[in-house]
Amino acid sequence: MAVEPQFTLYSTVVGPNGWKVAMVLAELGLIYRTIYPDFAKKEQKGPEFLKLNPNGRIPVLVDHHYNNFTLWESNAIIEYLVTKYDTGNRLSFGDFDNQQYMRQWMYFQASGQGPYYGQAVWFMKNCHGEPREVVERYQNETRRVISVLERVLSQQEWLVGGKLSVADISFLQWNTSADRIILGSEFIDKEAPHVRRWMNAIIARPAIAAIMQERMKLLSAQT
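Since the model is a prediction, treat every value here as computed from it, not as a measurement.

Describing helix α8 (residues 193-203)
- Of all the positions in α8, only Val-195, Arg-196, Trp-198, Met-199 and Ile-202 are classed as buried. Taken down its axis, α8 places every buried residue within 165° of arc, on the same side.
- Looking at the buried positions of α8, the neighbouring elements they touch are α5 (132-153), α6 (166-182), α7 (185-191) and α9 (206-222).

Structure follows, in structure tokens:
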């Protein structure tokens, strides 16, 4: 008999943010189903979806085992998951200091990585790389964020506490966008080898590798 999913994740195939939530769910062994609103029909702006997220964006997570508790904003969702369900601190930390360092990196990801990378992708894919000066600004900001990560990861294996945590996972999917779209993989290969080593170490984890394969399969089906 199939186990009823505890969570419903509203996501999109194309955007990275829902996939980083999926990675955390998979790493923690939590059972979920994914619903992909039809963006072409603007389902994410429809009244039913707006009841879940008044901002009309993905991801959204519903926890059916906790009174259908509903959250939006990817890093808020991830913090909820580790706070409530990562009791063994597999992807988080039990000590106060590292909890704060973890949050520090997740705020940086949400404010310093996602928006800049996202704008770069939008102008490059939807505006054919124009205006050029705008694209160059966001490409340079992408390089800057990667240089911050490289500076830290040249001195330590993981961002926080000497182990993989959700701080690391939160950066991965947007960095793959830097590879595929914004800068090309040669930038990280040449200019940020410690970032490449770190990304490869995350991707090598079976649960995360499975999520990435699922995403690539769905992306291929759309092309």
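Focus: the nonpolar core
- Counting 57 residues, the largest nonpolar core has Leu-81 and Trp-198 as its most contacted members.
- In this structure, Phe-49, Ile-58, Val-60 and Val-62 belong to the second largest nonpolar core, which totals five residues.

Points about the UniProt feature "domain: GST N-terminal" (unreviewed entry) in the chain
- Here the UniProt-annotated "domain: GST N-terminal" (unreviewed entry) positions come out as residues 5-89.
- The distance from the first to the last C-alpha atom of residues 5-89 is 22 Å, and the span holds 34% helix and 19% strand.

Focus on the packing of α6 against α8
- One can describe the packing of α6 onto α8 by two numbers: an axis separation of 10 Å at closest approach and a directional angle of 115°. Considering the angle they form, α6 stands roughly perpendicular to α8. For the pair α6 and α8, the crossing hand works out as left-handed. Of the residues in α8, those in contact with Asp-168, Phe-171, Leu-172, Asn-175, Thr-176 and Asp-179 of α6 are Val-195, Arg-196, Trp-198, Met-199, Ile-202 and Ile-203.
- For the contact of α6 with α8, the class distribution of residues is seven nonpolar, two polar and three charged.

Observations concerning the sheet that holds strand β3 (residues 60-63)
- Taken together, the four strands give an open sheet; going across it, the order is β2-β1-β3-β4, and neighbouring strands pair in mixed fashion. Lying at the two open borders of the sheet, with one neighbouring strand each, are β2 (32-35) and β4 (69-72). The average angle at which neighbouring strand axes cross in this sheet is 20°, direction not considered.
- Bridge count between strand β1 (residues 7-10) and β3: four bridges; the pairing is antiparallel. When the bridges of β3 are listed, Thr-8 appears paired with Val-62.
- Together, β1, β2 and β3 form the strand contacts of helix α1 (residues 17-27), whose direction differs from that of β1 by roughly 155°.

Rules used in this analysis
- Residues numbered from 1 in each chain as written.
- Predicted model: local features only at pLDDT ≥ 70, side-chain atom pairs only at ≥ 80, totals over all residues.
- Heavy atoms only, no water.
- Buried < 20%, exposed > 50% of the residue type's maximum accessible area, 1.4 Å probe, protein only.
- Helix = DSSP H or I, 4+ residues; strand = E, 2+ residues; numbered from the N terminus.
- Arc of directions from axis to C-beta.
- Contact = heavy atoms within 4.5 Å.
- Core = buried A, V, L, I, M, F, W, Y, C linked by side-chain atoms within 4.5 Å.
- UniProt positions renumbered as here; feature names shortened; annotations may be inferred.
- Axes fitted to C-alpha atoms, helices over the stretch in contact; angles between N-to-C directions.
- Parallel < 35°, antiparallel > 145°, perpendicular 65-115°, else oblique.
- Left-handed = near helix turned anticlockwise from the far one by under 90°.
- Nonpolar A, V, L, I, M, F, W, Y, C, P; charged D, E, K, R; others polar.
- Pairing = 2+ DSSP bridges.

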